[in-house]
Amino acid sequence: MDASFWLLQFLNAMQYSMLLFLLSIGLTVIFGLMHFVNLAHASLYMLGAYFGISVSALTGQFWLAFILSPIIVTLIGAILYFTLIDRMRAAGPMNQVLVTFGLIFVILDLVRLGWGDIALGLDAPDALAHTVSFWGISYPAYRLFIIALGLTIMISMWVVLARTQIGAMIRASVENADMAASLGIHVGRLFFVVFCFGCALAGLAGVAAAPIFSATTTMGITILIPTLIVVVIGGLGSLEGAIAGSLIIGFLETFGAVLLPSLSAVLTYILLAVILVLRPQGLIPARG
Amino acid sequence: MFYQSRLRSITLILALGFLAAYASFGSYFAREIVIEITILAILAISLDFCAGFGGMVSLCHGAIMGISAYAFTIMSVKLGLPSVPSAMIGLMAAVVFSGLVGWVTARTSGIFFIMATLAFGQMAYTFFFKSRWLGGDDGMGGIDRFDLSWLGVDMNDALVFALFGIAVLLLVYVIAAILLRSGFGRILSGIHSNENRMQAVGINTANHKAIAMAASGLMAGIAGILAAQHTLYISPELLIWTVSGEVLLVVILGGIGTLIGPVVGAIMLVMLKHELSNYTDYWHMIVGMVLIFAVLAGGRGIFGQIEYWLITRHPPKAPHLPPAKEKDLA
Amino acid sequence: MLEVKHLSKDYGGITVIRDLSFTVNAGERRVILGPNGAGKTTLFHLLTGVEKASSGSITFAGNNISKMNAVERARVGIARSYQKNNLFEHLTIRENLMLAAAAATGKSRWFFRDVTNQADMKTRIEETAEQVALTDQLDMMVSAVSYGNRRQLEVGLALATRPALLLMDEPTSGVGPAMIDTFHQLLETLPRDITILIIEHDMDLAFSIADHITVLNFGEKVFEGTPEDTRGNPSVRQIYLGNGDETYGASNDHA
């Protein structure tokens, strides 16, 4: 195990962490703002991958798919918002879990109806289809792109939340929605915007992941559990928590698999159990 | 708070009678369906016990069932113990696991409880999935059913096994009903209603909830033994979290907090699944839509809604309507 | 019966109870008076063990209970009613009383025996219902009875545990004059084997039932004496009665 091995594992862990981040950030902010647990969030990720593949197949343009697919997913999210999500907001966590669990089933079969049961691949764009060699390793350029994309979104979200007006509004509403409403923030509209943004990021994560993992009907359910774990470990509703959580889980799973293969599978669950018992509010809880 | 009303007794007799008739006069396939229903119904009663009466919405009941099935199979197949003591050890494993989960999660509530049980369930699933000694994702076979030849019956006969399943379902229902009517069960309902006040009158609610999870685990464990003896083969699939989700669906569909509702829900879901799969490969979608509709319609479930109609029309002396919306979970 | 010595409680530098000492005799009716924020409800939290004191000791029936948690203190016979209703909302009044009675008689470990039809439970439920004047409403859902009835049940839940020491946090909070009379009667008919500490804002009620009155201000005891002495004490008039209006009336003190 030389330096290049560690570098390779580091990049793999980063790339997995970034995907987890794109998914968990939407889930956690939606929870923090609306106290809504959306298990179907990962189904939107799956839809992102499938729509990306279709747009790319129809137009031959990867980058067009990269932009259009999150938009389509956002539209679907908006429809869900007005038909189900909004009216389930006050219904308590159990009913939300049930309804979105039902949605997982519905979306799963719709995808099977539309695209069939076979795994579908997506080629990385020509510009990124090569490998890059540096410091004694060669690594696919597309995966480096994913890492860069994730970091860019992570930093820009942090800047938006910490420095801008809308960021201040979101933080105020996470802390106390009633207070925010009394200060003249249109909380309902803010919820909708944030929900759509979360859906767009899930769609983006899906289309970004398609060239690496290819799209399958189980991809949503497979990523759902690690995403939920990230959100709970980090602290429901917290941006910093989602960043910390996705890095912890990404690295724990990647390095666990190479260093402690016999234990790796349960490491994440042990971590989650320990955190739920000792620090149920998560590592970096949202204030309020 | 639980009452074995006349309506509930009649529904229980009708449900068990229907299952017995369906198994007796139906084909081999019908008997298999009946077994499947009894296993799911037992698991759903077990979940209703802790979720409907104790407010503990567990997403690890599939795992509890699976642990019992695995412990039973390890004892009987790997270590060659007779099937009855193996089953006892299987039940003990389920009780210990669910009691531990209950004890660790007793101070969490709402979404944190759901997440914590999800994590413990997935932990158990991953453990069996990765375990080479236990066959990994292939699972294990070579299981024998209980030997009831001293009664002059052959358990390998599908009809006998189906009737055995119905008897076990009745037994589990009676156990749950007795527990819920006891001082223990009343106080569990009180904790569900107002945990803080229950502490103020001198109840260690954390311990009480852990014991309730263990009792629920015993019932889920019984479902696990039945499941292992039904297919004569077990795999980690039993423990995966979507199994627990499906059980929760059954409880909601039938009527949470009614005890008999989950039995009705199990019959409906399995029948629906088998009917639908004759026509379409996409029955998941219909099940999902039914679930969404059941929650949007008020969350009382089929039996719960009927009971609600009957009670609001003819209010008895002591009304005991299940609450329309969940409480104390947020 | 109850002996509080040098009790203090602070929350991150803010002292809510300061060096408080007092003794309550068995069977006594002790009224705790004090303006909003005087630390009255905090005192109840400390006595019931919901919160731990920063320093000082609490002795109950000869035993030091300072280290006991809330559940253990409930078991040795300390019961409490709340200023804000804290009931089993979706159950009937009978079921509410049954839960408190079952808990106090150790029936939470009856795994197979039904408790609802036990003779001793029935007697206790009916006796308690009579004490708090709810006999006619026994089979009604809590959510269906009046606010006044809920205040009565609030006391009933504490009484159903057959406590030796009963802490009542503003039983008449938010009720009308007729209901205050009901509570007056209720308090007078309670047997003297129950020792009662009561936070009460209705002056007529407080002065007529109290054996002794303890007055708190800013977490400190400023006066203790009989109702007559309290009425005549100038410093009490100053801090609490202020304008000389003795019918201060019910307020929403969350101290």
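Predicted model, so just to flag it, every value in this text is computed and none were measured.

### Description of the overall build of chain A
When its secondary structure is counted, chain A shows 11 helices and two strands. Traced from its N-terminal end to its C-terminal end, chain A shows the element sequence α-α-α-α-β-β-α-α-α-α-α-α-α. Taking 19 Å as the expected radius of gyration for a compact globule of 288 residues, we find that chain A reaches 19 Å, a close match to that expectation. Classification of the 288 residues of chain A by burial places 57% in the buried group. For chain A, contacts bridging at least 24 residues in sequence account for 78% of all contacts bridging at least 6. Looking at chain A as shown, the accessible area adds up to about 11600 Å², and 68% of this sits on carbon and sulfur atoms. Computing the positive centroid from 9 side-chain charges and the negative centroid from 10, chain A places the two 12 Å apart.

### What about the overall build of chain C?
Helix and strand content of chain C: nine helices and 10 strands. Over its C-alpha trace chain C gives a radius of gyration of 18 Å, about what one expects of a compact globule, namely 18 Å for 255 residues. With the principal axes as the frame, chain C shows a C-alpha extent of 55 × 40 × 30 Å. Buried positions account for 56% of the 255 residues belonging to chain C. Sequence separation of at least 24 residues holds for 68% of the intrachain contacts in chain C that already meet a minimum separation of 6. Accessible area for chain C stands at about 10500 Å²; split by element, carbon and sulfur atoms hold 49% of it.

### Structural notes on the interface of chain C and chain B
Listed as interface residues are 36 residues of chain C and, on the opposing side, 29 residues of chain B. The three residues of chain C that bury the most area against chain B are Phe88, His90 and Phe111 of chain C, which together make up 19% of that side's buried surface. Residue Arg197 of chain B is joined to Glu154 of chain C by a salt bridge in which the shortest nitrogen-to-oxygen separation is 2.3 Å. If you look at where chain C meets chain B, you find 14 residue pairs in polar contact (both at pLDDT 80 or more). Taken together, the elements giving at least two residues each to the side of chain C that touches chain B come down to helix H2 (70–75), strand S6 (78–81), helix H3 (93–104) and helix H5 (147–159) of chain C. Per element, the largest residue contribution to the side of chain C that touches chain B is seven residues, and it comes from H3 of chain C. In terms of residue class, the side of chain C that touches chain B is built from 19 nonpolar, seven polar and 10 charged.

### Remarks on the sheet that holds strand S4 (residues 55–60) of chain C
Residue and element names in this part refer to chain C. As summarised here, the arrangement of the four strands in space is S2-S1-S4-S5, forming an open sheet in which the pairing is antiparallel. For this open sheet the edge positions go to strand S2 (14–24) and strand S5 (63–64), each flanked by a neighbour on one side alone. Where strand S1 (residues 2–11) and S2 come together, seven bridges link them in antiparallel fashion. Across the sheet, the residue bridging to Lys9 is Ile17, located in S2. Against the sheet, helix H1 (residues 40–48) engages S1, S2 and S4, with an angle of about 115° to S1.

### Concerning helix H11 (residues 264–278) of chain A
End to end, H11 of chain A covers 21 Å across 15 residues, agreeing with the expected 21 Å (1.5 Å per residue, within 8%). Listed as buried for H11 of chain A are Ser264, Ala265, Val266, Thr268, Tyr269, Leu272, Ala273, Ile275 and Leu276 of chain A. Where H11 of chain A is buried, its residues contact helix H9 (219–234) and helix H10 (239–259) of chain A together with helix H5 (110–130) of chain B.

### Re the interface of chain A and chain B
Facing 40 residues of chain A, the contacting portion of chain B comprises 40 residues. For the pair chain A and chain B, the summed buried surface comes to about 3600 Å²; carbon and sulfur atoms form 85% of the total. Inspection of the chain A/chain B interface yields one salt bridge. A salt bridge links Arg112 of chain A to Asp281 of chain B; the nearest nitrogen and oxygen atoms lie 3.0 Å apart. Counting the contacts that link chain A with chain B gives three residue pairs in polar contact (both at pLDDT 80 or more).

### Quick word on unusual backbone geometry
All names here are of chain C. Positive phi, normally seen in glycine, also occurs at His6, with a value near 50°. Along the chain, His6 turns up in strand S1. Positioned with a positive phi, Asp19 is a non-glycine residue whose angle comes to about 45°. With respect to the helices, strands and loops of the structure, Asp19 is situated in strand S2.

Rules of the game
Residue positions are given per chain, counted from 1 along the sequence in the order it is written. Think of it this way: whatever chain is written first is A, whatever ligand is written first is 1, and the rest follow in order. For this predicted model, a pLDDT threshold of at least 70 governs which residues receive local features, and a threshold of 80 or more governs which side-chain atom pairs are given and counted, while totals over whole chains, interfaces and linings are taken from all residues. Water and hydrogen atoms play no part in the side-chain values, which are based on all heavy atoms of the structure. Here a strand is any run of E in DSSP of at least two residues, a helix any run of H or I of at least four, and the numbering for each starts at the N terminus. Computation of the radius of gyration draws on C-alpha atoms alone. For the globule rule, the value is 2.2 Å times the number of residues to the power 0.38. Only protein chains enter the accessibility calculation, which uses a 1.4 Å probe; a residue is then buried when its area is under 20% of its type maximum, exposed when over 50%, and partly exposed in between. In this analysis, two residues are considered to be in contact whenever any of their non-hydrogen atoms come within 4.5 Å of each other. In short, Shrake-Rupley with a 1.4 Å probe defines the accessible areas, and a residue's cover is counted only from the protein chains shown. Residues scored as positive are Lys and Arg, those scored as negative are Asp and Glu, and His as well as the terminal groups of each chain are ignored. Here the site of a charge means atom NZ of a Lys, CZ of an Arg, CG of an Asp or CD of a Glu. Buried area adds together the accessible area that both of two parts lose upon being put together, with accessible area traced by a 1.4 Å probe. Only one rule defines a salt bridge in this text: a Lys or Arg side-chain nitrogen within 4 Å of an Asp or Glu carboxyl oxygen. N or O atoms closer than or at 3.5 Å make up a polar contact, with two conditions inside protein: a donor-capable atom paired with an acceptor-capable one, and, for residues adjacent in sequence, both atoms drawn from side chains. Residues are grouped as follows: nonpolar covers Ala, Val, Leu, Ile, Met, Phe, Trp, Tyr, Cys and Pro; charged covers Asp, Glu, Lys and Arg; every other residue, Gly included, is treated as polar. Here a strand pair is declared whenever DSSP counts at least two bridges between the two strands. Throughout, an axis means a line fitted to C-alpha atoms (over the contacting stretch in the case of helices), and angles, computed between N-to-C directions, take values from 0 to 180 degrees. Working rule for helices: expected span equals 1.5 Å times residues minus one.

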